[in-house]
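Now for the letters of each chain:
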Amino acid sequence: MKPVIALVGRPNVGKSTLFNRLTRSRAALVADYPGLTRDRHYGEGRMGDRPFLVIDTGGFEPVVKEGVMQEMAKQTKQAVAEADVVIFIVDGRQGITPHDKAITDYLRKSGRPVILAVNKAEGMKYTAVVADFYELGLGSDPLVISSAHGDGVHTLLDEALKMVPLSPAETEDEIESGQKHIKLAIVGRPNVGKSTMINALLGEERVIAFDLPGTTRDAIEIPFERDGKQYTLVDTAGLRKRGKVFQAIEKFSVVKTLQAISEANVVLLLMDAQQDISEQDAHIAGFVLESGRALVVGINKWDGLDQDKRKEIKSEVERKLHFLSFAKFHYVSALKSTGISALMRSIDSAYAAAMAKLSTPRLTRVLEEAVEHQQPPRKQGGTRPKLRYAHQGGQNPPIIVIHGNSLDAISDDYKRYLEKHFRDAFSLTGTPLRIEFRSGK
Ligand code: GDP
Ligand code: GDP
């Protein structure tokens, strides 16, 4: 399970700036999918080979009244509850404010490990900046950073991750070779029918086990069988409860969703046909794309809709979810158990596509065909990129690494053209596909 870091602090201290810095590479990835906006609150980052999740609580700000913070917003509380470690950000140029003190009190009660980051400290002397902030009495020494310039951010992240013990799964390879059970996560916003779908797949009695809170930082895995095939349903344990502060946590948790996605091979994203597609649906879809996991979309509650309504919904789905066109869409009813077998077949084929082994000779042949059919355009005045050969750099998602010269000159359009060509040639339906370029000298 990936460590979860929450960024907390009053407005304008630089939370979003730090968030963007910690999750930068991921933001670029989402830009590849026209029509998809990013959820500004949740992101993924990586330090060396250790991935982590970041929650930016900016935007769910504390409620302020007469200069004193009355209440931490509910979402901020939830973020703190779900975090393994909190980075508490203060403004080194302003010094301590009453809000900072109120947040300190809350964090102390939460029992979460906290690191104090004194931001906007570029060009300032360490001792002068931190002296003030010892008064908050948070234990460890404040760290001095500049989110805008990047100073001290690496050390901050290093310290934060040191406070989260490595779980055994993180030290293992994510994909064991020869794994027979498809690991499946069922995600979607509240009330789309996830529990009903799990019932349909597992039978009533299993779901009780599904709802049992597990131990800290565990993923719950429930094996089940359907049409003679083995699957494992993955979910993450109930929120870690430490102290009374966190009792009123909402039913839906983005962090749990993110963790379940990253533990799975294939994600079944459920939506509600009887409701409009919401921003929350699109954000969850975006998380799946970022993770690279295989995807099947289930438009649930298809029962009880007339033909006109069905037509209308289908066209809305096609328009709004165009960026998921690599995935199969199924119109199903979890309640009436209709369409489920076809859905499961798509899950099998999405898994097969995600785990496909693509040999270097075949990849290179397909690459040559693609180039023959359409040359990469020359960049203004520059040389034409030369694509020489391709090999597979990973599975789940498949990564195709293309070697050649002057490959930085490849346009986004041409990259999309190649992606489509490989996808068609190898029948890679249901999985994101990543294309990487490596230029020789
Ligand atoms: P948030 O409300 O806590 O998310 O804060 P933002 O990230 O939106 O930043 C608030 C303001 O502080 C913006 O104008 C940022 O450009 C600025 N800011 C953020 N980090 C730094 C920093 O390290 N140094 C300086 N000088 N300004 C910063
Ligand atoms: P979850 O919050 O995503 O786990 O959603 P639930 O499984 O608890 O379902 C929310 C509500 O939608 C419940 O009242 C279900 O009975 C209902 N529901 C779930 N699936 C279907 C379906 O296929 N058709 C209809 N009509 N209702 C459904």
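The rules behind each value
Residues numbered from 1 in each chain as written. Chains lettered and ligands numbered in written order. Predicted model: local features only at pLDDT ≥ 70, side-chain atom pairs only at ≥ 80, totals over all residues. Pairing = 2+ DSSP bridges. Helix = DSSP H or I, 4+ residues; strand = E, 2+ residues; numbered from the N terminus. Axes fitted to C-alpha atoms, helices over the stretch in contact; angles between N-to-C directions. Contact = placed C-beta atoms within 7 Å. Left-handed = near helix turned anticlockwise from the far one by under 90°. Nonpolar A, V, L, I, M, F, W, Y, C, P; charged D, E, K, R; others polar. Buried ≥ 20, exposed ≤ 12 C-beta atoms within 10 Å, placed from the backbone. pLDDT = per-residue confidence, 0-100. Near = placed C-beta within 6 Å.

J.: When you look at the sheet that holds strand β17 (residues 434-439) in this model, what are you seeing that I'm missing?
T.: The strands that make up a sheet are held in pairs by hydrogen bonds between backbone atoms, and each pair lies either parallel or antiparallel. If you trace the three strands from one edge of the open sheet to the other, you get β15-β16-β17, paired in mixed fashion. The two strands at the open ends of the sheet, each matched to only one other strand, are β15 (386-394) and β17. Direction aside, neighbouring strands of the sheet carry axes that sit 25° apart on average. Sitting on the sheet, helix α14 (residues 360-373) touches β15 and β16 (399-405), and the angle it makes with β15 is about 140°.

J.: Teacher, can you tell me more about the packing of helix α10 (residues 254-263) against helix α11 (residues 279-291) here?
T.: Between two packed helices, both the angle of their axes relative to each other and the distance between the axes serve to describe the pair. Viewed as axis vectors pointing N to C, α10 and α11 meet at an angle of 35°, and their least axial separation amounts to 10 Å. Pair α10 / α11 crosses with right-handed handedness. Taken together, the residues of α11 that come into contact with α10 (itself represented by T257, L258, I261 and S262) are I284, F287, V288 and S291. The class makeup of the residues in the contact of α10 with α11 is five nonpolar, three polar and no charged.

J.: How should I be thinking about the pairing of strand β7 (residues 114-119) in this particular structure?
T.: Strand residues, when the strand is regular, have side chains that alternate between the two faces of the sheet. In terms of burial, β7 is largely enclosed, as six of its six residues are buried. Judged by which residues are buried, β7 turns out to be covered on both faces: V114, L116 and V118 on one side and I115, A117 and N119 on the other are all buried. As paired strands, strand β6 (residues 85-91) and β7 are joined by six bridges and run parallel to one another. Looking at the pairing, I89 lines up with A117 of β7.

J.: Explanation requested: the confidence of the model for the protein in the structure shown.
T.: The predicted coordinates ought not to be read in detail in places where the model reports low pLDDT. This prediction gives the protein a mean pLDDT of 85; 83% of its residues lie at or above 70. If you check the scores for this complex, the pTM reads 0.83 and the ipTM reads 0.85.

J.: For this particular structure, what's the right way to read the environment of K74?
T.: Mapped onto the secondary structure, K74 falls in helix α3 (residues 74-82). Distance in space between the C-alpha atoms of K74 and G58 is 13 Å, their sequence separation being 16 residues.

J.: I keep staring at the site of ligand 2 and nothing clicks. Help me out?
T.: Close to ligand 2 lie 15 residues, the nearest being G193, K194, S195, T196 and L335. At three residues, the largest contribution of residues to the shell around ligand 2 is made by helix α8 (residues 194-202). Of the residues belonging to the shell around ligand 2, the class tally is four nonpolar, eight polar and three charged.

J.: Is there a simple way to explain the environment of L270 in this structure?
T.: Within the element layout of this structure, L270 appears in strand β12 (residues 266-272). Remark: the alpha-carbon pair of L270 and I299, spanning 29 residues in sequence, is separated by 5.9 Å.

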